[in-house]
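Descriptive structure summary
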Amino acid sequence: MTTVEFAEVSKHYGDVRAVDGVSLRVETGEFATILGPSGSGKTTMLSIIAGIAPPTSGAILIGGRDVTNLKAADRNVGLVFQSYALFPHMSVAENVAFPLKVRRVAKAEIAARVKEALALVRLEDYGGRKPSELSGGQQQRVALARAIVFKPDILLLDEPLAALDRKLREEVRAEIHALQRRLGITTLMVTHDQDEALSLSDRIVVLDQGRVQQIDTPFTAYHQPRNRFVAGFLGLANFLEGELQANGTSAVIRLASGERIACGAARSANGTVCGLLRPEDIRVSNGSGGRVSGKVKESVFFGESVRYAVALDSGFEIIAHVPGSRSKLPEGAHVNLDWEPDQVWLLPGET
Ligand code: ADP
Ligand code: MG
């Protein structure tokens, strides 16, 4: 059992509430990600688990055991940071061996464990090199090997891909995913990148100003966010705020600008609501039909897709993101927008 638990944890630096009353439990073997903007308290949360920064209040439990007062060295936790933090004067093998030496593991066993750990990140032939002789992606894989070589209970990753360029980021992301699945190690990663969080995690913890906004699977957090912050942080969003008018099976949100936005049969009573409609759930056509009409105000070419800003007849703006780009519509084109009413999600935390 290697769960990690935050029980009502807070960490204050003077007036700054870096972490503000966080309760959270990561299950055995789970890959959880803390996602939030810069300064939201992500690194502070990892430091608290690792024993680097004591909490102001609350408790940390690892495998059900209260470790709040244990020193960092007495917690069996593997850490990988954004900057590789390898020892530059040591070889790759010596870097990976370091945590074992500190733990006074026998020499012969060290050699075997280092070999095994380097094989796990597919760097078995690089033991003799210096970190400066490796690419950024390879250095980060060495850092991963060093973090797992002593068989930690928990793996903590703090923005492990942030310093890498796009192609290497893909490579190391795949490596982290494969390694985590193979070892089945309970993992808590920190990132400000929603794609990373969505693609790697079993569950995402969305953090803002030291407070948990939502804990859910990537699918649920993306499609059924609790509030505007979560919706907007995980992707592009159209927020449709207005009066909900529901009658039996059909419902509309009446915007202040006058449009009536079809949404799924509403779970809540009539009143002010905020609907979320993801841009990629909107179909754009220049024929007839559709639910609302408007004019392309801006169109942005992404190669694999096109993003349109469409001004409705009232002036209200909607973003639509359509796959493919061969039939990109020009700015100024008249368009009709259509969507499945069921795909409009009423944000429960906004009224
Ligand atoms: P993140 O990793 O999400 O960017 P941090 O956990 O590093 O955020 O920081 C959260 C908040 O706590 C920030 O406002 C930051 O300035 C503050 N903070 C972090 N560490 C310290 C420290 N050692 N002393 C004072 N303030 C700190
Ligand atoms: Mg940080």
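Note that the structure is a prediction, hence the values are computed from the model and not measured.

**Quick notes on the sheet that holds strand β5 (residues 65-66)**
Pairing is antiparallel across the open sheet formed by four strands, whose spatial order is β2-β1-β4-β5. In this open sheet, the two strands that pair with only one neighbour each are β2 (16-26) and β5. One ladder, built from five bridges, connects strand β1 (residues 4-13) with strand β4 (residues 57-62); its direction is antiparallel. Residue pairing in the sheet places S10 in a bridge with S57 of β4. Strand contacts of helix α1 (residues 42-50): β1, β2 and β4, with the helix running at about 115 degrees to β1, the strand carrying the most contacts.

**Some points on the packing of aromatic side chains**
According to the stated counting rule, one finds two aromatic pairs in the structure shown. Here R103 stacks its cationic end above the ring of F150, 3.8 Å away from the centre of that ring. Note that R146 overlies the ring of F87, its terminal NZ or CZ placed 5.3 Å from the centroid.

**With respect to the site of ligand 1**
Near ligand 1, the surroundings consist of Y13, V16, A18, P37, S38, G39, S40, G41, K42, T43 and T44. A distance of 2.9 Å separates an oxygen atom of ligand 1 from a polar side-chain atom of T43. Contact between ligand 1 and T44: an oxygen atom at 2.5 Å from a side-chain N or O atom of the residue. In the complex, 57% of the free accessible area of ligand 1, which totals 560 Å², lies under the protein chains. Of all the elements in the fold, those that place two or more residues in the shell around ligand 1 are β2 and α1. With three residues, α1 is the single largest residue contributor to the shell around ligand 1. When the residues that make up the shell around ligand 1 are grouped by side-chain class, the tally is four nonpolar, six polar and one charged.

Criteria and cut-off values
- Residues numbered from 1 in each chain as written.
- Chains lettered and ligands numbered in written order.
- Predicted model: local features only at pLDDT ≥ 70, side-chain atom pairs only at ≥ 80, totals over all residues.
- Heavy atoms only, no water.
- Pairing = 2+ DSSP bridges.
- Helix = DSSP H or I, 4+ residues; strand = E, 2+ residues; numbered from the N terminus.
- Contact = heavy atoms within 4.5 Å.
- Axes fitted to C-alpha atoms, helices over the stretch in contact; angles between N-to-C directions.
- Phe/Tyr/Trp six-rings, centres within 6.5 Å; stacked < 30°, edge-to-face > 60°.
- Lys NZ or Arg CZ within 6 Å of the ring centre and 35° of its normal.
- Near = heavy atom within 4 Å.
- Polar contact = N/O pair within 3.5 Å; in protein donor to acceptor, adjacent residues only side chain to side chain.
- Areas by Shrake-Rupley, 256 points an atom, 1.4 Å probe, with all protein chains shown as cover.
- Nonpolar A, V, L, I, M, F, W, Y, C, P; charged D, E, K, R; others polar.

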